[in-house]
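# Topology and contacts: notes
Letter by letter, the chains look like this.
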Amino acid sequence: MAMNVGGDADDEIIGTINTTPLVDVMLVLLIIFLITIPVVTTSVKVDLPKEQNLIRETKPENVIISVDSAGKIFLYDTPIKNSNDLLDRMKTFAVKTPQPEVQIRGDARSDFEAVGRVMYAVQRSGITKVGFITEPN
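Since the structure is predicted, the reported quantities are computational estimates derived from the model, not experimental observations.

Counting buried positions along strand E1 (residues 63-67) yields five of five residues, so the element is predominantly enclosed. Because side chains alternate across E1, one face comprises the buried residues Val-63, Ile-65 and Val-67, and the other comprises Ile-64 and Ser-66, equally buried. Alignment of E1 against strand E4 (residues 102-106), held across five bridges, turns out to be parallel. Looking at E4, one finds that Ser-66 is bridged to Arg-105. Linking E1 back to strand E2 (residues 73-75) in an antiparallel pair, the connection comprises five residues, with Gly-71 at a positive phi of about 90°.

Structure, rendered in structure tokens:
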């Protein structure tokens, strides 16, 4: 019995990757996805409402009321003494045609009571359009 321990031409090192199993696996996955996707997407046909994300621009006729963290009220940049003074000033805006929109800018650290007093004064003056200004995400 003889053993051949030499380097024959048949025993060369293969330097390439056999991609046949990879192609087979990918084809099986493709077939699975093609079969399962129509099953998943079928459901009851419903007309969903369309989303509108409109950026509100501040118009010159909008009234901006700010409440700082200490609870002080500002009409535009002018400090207001109390909610009765704010009510008197809001009555002048309430008689305009068309009625302006009131935008309340409340500090996140302020008491809700201060913002509530502003809302109550605006409601008592007869203004119907009131909105809150927030930071976008």
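It is worth spelling out the sheet that holds E2 at this point. Strands sit in the order E3-E2-E1-E4-E5 across an open sheet of five strands; the sheet is mixed. If you trace the sheet from one side to the other, it starts and ends with strand E3 (78-80) and strand E5 (130-132), each paired once. The sheet shows a mean angle of 30° between the axes of neighbouring strands, direction not considered. Bridge count for E4 against E5 is three bridges, and the pairing is parallel. Following the sheet pairing, Ile-104 is matched in E5 by Phe-132.

Here we come to the pattern of salt bridges. Applying the stated rule across the entire model yields three salt bridges. Between Asp-107 and Arg-109 there is a salt bridge, with the nearest N and O atoms lying 3.6 Å from each other. Under the relative-accessibility criterion, Arg-109 is labelled exposed at 67%. The salt bridge involving Glu-113 is made with Arg-117; its shortest N-O contact spans 3.5 Å. In this pair, Glu-113 and Arg-117 are both assigned in helix H3 (residues 112-125), four residues apart and thus about one turn of the helix distant. For Arg-117, a relative accessible area of 32% corresponds to the partly exposed category.

Counting 19 residues, the largest nonpolar core has Ile-65, Leu-86, Met-90, Val-102 and Val-118 as its most contacted members. Among the elements of the structure, E1, E2, helix H2 (83-94), E4 and H3 are those that each provide at least two residues to this core. Excluding its chain neighbours within four sequence positions, the residues that come into contact with Val-102 are Val-63, Ile-65, Met-90, Val-122, Ile-127, Lys-129, Val-130 and Gly-131.

Rules and cut-offs
Residues numbered from 1 in each chain as written. Predicted model: local features only at pLDDT ≥ 70, side-chain atom pairs only at ≥ 80, totals over all residues. Heavy atoms only, no water. Buried < 20%, exposed > 50% of the residue type's maximum accessible area, 1.4 Å probe, protein only. Helix = DSSP H or I, 4+ residues; strand = E, 2+ residues; numbered from the N terminus. Pairing = 2+ DSSP bridges. Axes fitted to C-alpha atoms, helices over the stretch in contact; angles between N-to-C directions. Salt bridge = Lys/Arg side-chain N within 4 Å of Asp/Glu carboxyl O. Core = buried A, V, L, I, M, F, W, Y, C linked by side-chain atoms within 4.5 Å. Contact = heavy atoms within 4.5 Å.

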